[in-house]
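# Breakdown of the fold
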Amino acid sequence: MPVPSAADAAPFAIELSDVEAAARRLAGVAVRTPLITSAILDERCGARVFVKAECLQRTGSFKFRGATNAIARIAEGARARGVVASSSGNHAQGVAEAARLASIPATIVMPDDAPAIKRARTERSGATVVACDRERDDREAIAEALAERLGATIVPPYDDPGVMAGQGTVGLEIADELDGLGIVADRVLVPTSGGGLLSGVATVMAGRMPSAICQPAEPEGFDDMSRSLAAGERLDNASRSGSIADALLSRRPGTLTFPIIARHARPGVAVPDEWLLRAVAFAFTELKLSAEPGGAVALAALLSGRLDVAGETVVVVLSGGNVDPGILAQALAMDAPTYPQSMGSGGISVAPS
């Protein structure tokens, strides 16, 4: 697989020590989310599967980790002037809540088609929401103008060392728990957009569990990360909307995240909306977890059979649970896939921490 020369010529934005420092900042603030196993899921995939339930994180997604770590790194004098972020919802909620806990103001630029539940929860944490058009407006430019006017600090959704290190604590917890069980993962599947979560998790796995294959899972039509990894350079998505996975519709991989991912991850898999919905339904009915389509894309990659994981030990990150009630109803109304009779009623369990 081609690797961009920048990955060899320049230091990476984060290292394992940065993730470990982030974990110390987040201790007692972020939830140490469980690794969940399911007999039904294992038999369905022919593999031993661990689900990292980040849908149980504060604000309902992993984004709280990166936002909290990034805000904690802002200089005391600048922190009082607040923060600005652009997001379709999960990063918005993470920044808003992290800012509330830090007692500083937050302004969030959100697309006007963002799920209502995400906007409501962002405002509930005290943030000011500025709406924009997903297709026509440049969210980042609007955020930069607001930050300049307010004297605030921008908290990027993924392309920031503090954010990346904070998201990497997901991987640190995975490695810690599997180490405690004496298990080595063969593969780690990570929902991916700009690459903040994958770059952090891949950094940890490279240091703690280097034999594990890290791969992005993306919505069909928005697989810029896998295509970029195959090409050895960052490639754009053709569109900025058109999938129910609203959380995973970035334009291209990040400039800081991509070199790390190019070094430590392999191309992954793209999943159509139908299987995103089926994964949402599976998480709800079988794992007893609330998952949004973008957060369930790694689970969908397994359930759809798009990866051959027979006989492997696989970790999938269930990265977010802020599902719109209408989407959940749509998912539950779909015809359920046929499972082998031997699967029975199964059961779920939590790996000991």
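Note: the structure precedes this text.
To keep things clear, this report deals only with the structure shown in the data block. (Residues numbered from 1 in each chain as written. Predicted model: local features only at pLDDT ≥ 70, side-chain atom pairs only at ≥ 80, totals over all residues. Heavy atoms only, no water.)

## What about the overall build of the chain?
- Across its full length, the chain carries 15 helices and 11 strands.
- Scaling as 2.2 N^0.38, a compact globule of 353 residues should have a C-alpha radius of gyration of about 20 Å, and the chain matches this with 19 Å.
- Relative to its 353 residues, the chain shows a buried fraction of 58%.
- By sequence separation, contacts in the chain at least 24 residues apart represent 76% of the contacts at least 6 residues apart.
- Entry remark: accessible area of the chain is about 13400 Å², with carbon and sulfur atoms responsible for 49%. (Helix = DSSP H or I, 4+ residues; strand = E, 2+ residues; numbered from the N terminus. Rg over C-alpha atoms; globule rule 2.2 N^0.38 Å. Buried < 20%, exposed > 50% of the residue type's maximum accessible area, 1.4 Å probe, protein only. Contact = heavy atoms within 4.5 Å. Areas by Shrake-Rupley, 256 points an atom, 1.4 Å probe, with all protein chains shown as cover.)

## Concerning the sheet that holds strand β2 (residues 48–53)
- Taking strand neighbours across the sheet as the criterion, the seven strands line up as β9-β8-β7-β10-β2-β1-β11 in an open arrangement whose pairing is mixed. With partners counted over all chains shown, the strands left at the sheet margins are β9 (269–271) and β11 (348–350), one partner each. Averaged over all neighbouring strand pairs, the angle between strand axes comes to 25°, with direction disregarded.
- Here three bridges tie strand β7 (residues 187–191) to strand β10 (residues 313–318), and the two strands are oriented parallel to one another. (Pairing = 2+ DSSP bridges. Axes fitted to C-alpha atoms, helices over the stretch in contact; angles between N-to-C directions.)

## Looking at helix α4 (residues 63–72)
- Of all the 10 residues making up α4, nine are buried; the element is thus mostly covered by neighbouring parts of the structure.
- Residues K63, F64, R65, G66, A67, T68, N69, A70 and I71 constitute the buried set of α4.
- Looking at the buried positions of α4, the neighbouring elements they touch are α2 (16–26), β2, α5 (76–79), β3 (83–86), α6 (90–101) and α9 (161–181).

## A look at the layout of surface pockets
- In this structure, the largest pocket occupies an estimated 830 Å³ of space.
- Counting only elements with at least two residues in the lining of the largest pocket, the list comes to β3, α6, α8 (139–150) and α10 (196–208).
- For the lining of the largest pocket, the leading source of residues is α8, giving four residues.
- Among the residues making up the lining of the largest pocket, the classes are represented as 15 nonpolar, 17 polar and 13 charged. (1 Å grid on protein atoms, 1.4 Å probe; cavity = no way out; pocket = protein on both sides within 12 Å on 5 of 7 lines; lining within 4 Å. Points joined across faces, edges and corners; volume = space filled by probe spheres on them. Nonpolar A, V, L, I, M, F, W, Y, C, P; charged D, E, K, R; others polar.)

## Some words on α8
- Relative to the 16 Å expected for 12 residues at 1.5 Å per residue, α8 spans 16 Å between its end C-alpha atoms, a close match to the ideal helical length.
- When α8 is considered as a whole, its buried residues turn out to be R139, A143, L146 and A147. Taken around the axis of α8, the buried residues stretch over an arc of 100°, which confines them to a single face. Residues of α8 that are exposed and point over 90 degrees away from its buried face: E148 and R149.
- Residues of α8 that are buried sit in contact with β3, β4 (106–111), β5 (128–132) and β6 (153–154).
- In this structure D138 caps α8, since a side-chain oxygen of it lies 3.1 Å from the backbone nitrogen of E140. (Expected span 1.5 Å × (residues − 1). Arc of directions from axis to C-beta. Polar contact = N/O pair within 3.5 Å; in protein donor to acceptor, adjacent residues only side chain to side chain.)

## Focus on the environment of A53
- Among the secondary structure elements, A53 is positioned in strand β2.
- Sequence spacing of A53 and G320 is 267 residues, and the spatial spacing of their C-alpha atoms is 8.1 Å.
- When near neighbours in sequence (up to four residues on either side) are disregarded, A53 contacts T33, P34, I36, L289 and L318.

## Focus on the pairing of β5
- Relative to β5, β4 is paired through five bridges, and the arrangement is parallel. Counted as the bridge partner of M110 is A131 from β5.
- Running through helix α7 (residues 116–124), the crossover from β4 to the neighbouring parallel element β5 is right-handed. (Right-handed = clockwise from strand over helix to strand, strands pointing away.)

## A few points about the nonpolar core
- One finds L41, V49, L299, L302, V316 and L318 to be the most contacted residues of the largest nonpolar core, which totals 43 residues.
- Residue contributions to this core peak at eight residues, all from helix α13 (residues 273–285).
- Not counting chain neighbours up to four residues away, the residues in contact with L299 comprise L41, A279, F282, A283, L287, V316 and L318. (Core = buried A, V, L, I, M, F, W, Y, C linked by side-chain atoms within 4.5 Å.)

## Brief notes about the sheet that holds β3
- The strand order across the open sheet formed by four strands is β5-β4-β3-β6, and the pairing between neighbours is parallel. Bordering the open sheet on either side are β5 and β6, each of which pairs with just one other strand.
- Pairing of β3 with β6 involves two bridges; the strand directions are parallel. In the strand pairing of β6, V83 is matched with T153.

## Observations regarding the packing of aromatic side chains
- Under the counting rule described, the total for this entry stands at zero aromatic pairs.
- The ring of W275 is capped by R278, whose NZ or CZ atom sits 5.6 Å from the centre of that ring. (Phe/Tyr/Trp six-rings, centres within 6.5 Å; stacked < 30°, edge-to-face > 60°. Lys NZ or Arg CZ within 6 Å of the ring centre and 35° of its normal.)

## Some words on the pairing of β2
- For β2, a buried count of five out of six residues is recorded, marking the element as mostly surrounded by other parts of the structure.
- Pairing analysis gives two bridges linking strand β1 (residues 35–38) to β2, with the strands arranged antiparallel. Note on β2: the bridge partner recorded for I36 is V51.
- In terms of strand pairing, β2 meets β10 through six bridges, oriented parallel. Bridge pairing links K52 to V317 in β10.

## Comments concerning the packing of α9 against α10
- Here α9 crosses α10 at 40°, and the two axes come no closer than 7 Å. It follows from the interaxial angle that α9 and α10 lie oblique. For the pair α9 and α10, the crossing hand works out as right-handed. Listed contacts from α10 to M164, Q167, G168, V170, G171, L172, I174, A175, D176 and D179 of α9 are G196, L197, S199, G200, V201, V204, M205 and R208.
- Its residues assigned to classes, the contact of α9 with α10 comprises nine nonpolar, six polar and three charged. (Parallel < 35°, antiparallel > 145°, perpendicular 65-115°, else oblique. Left-handed = near helix turned anticlockwise from the far one by under 90°.)

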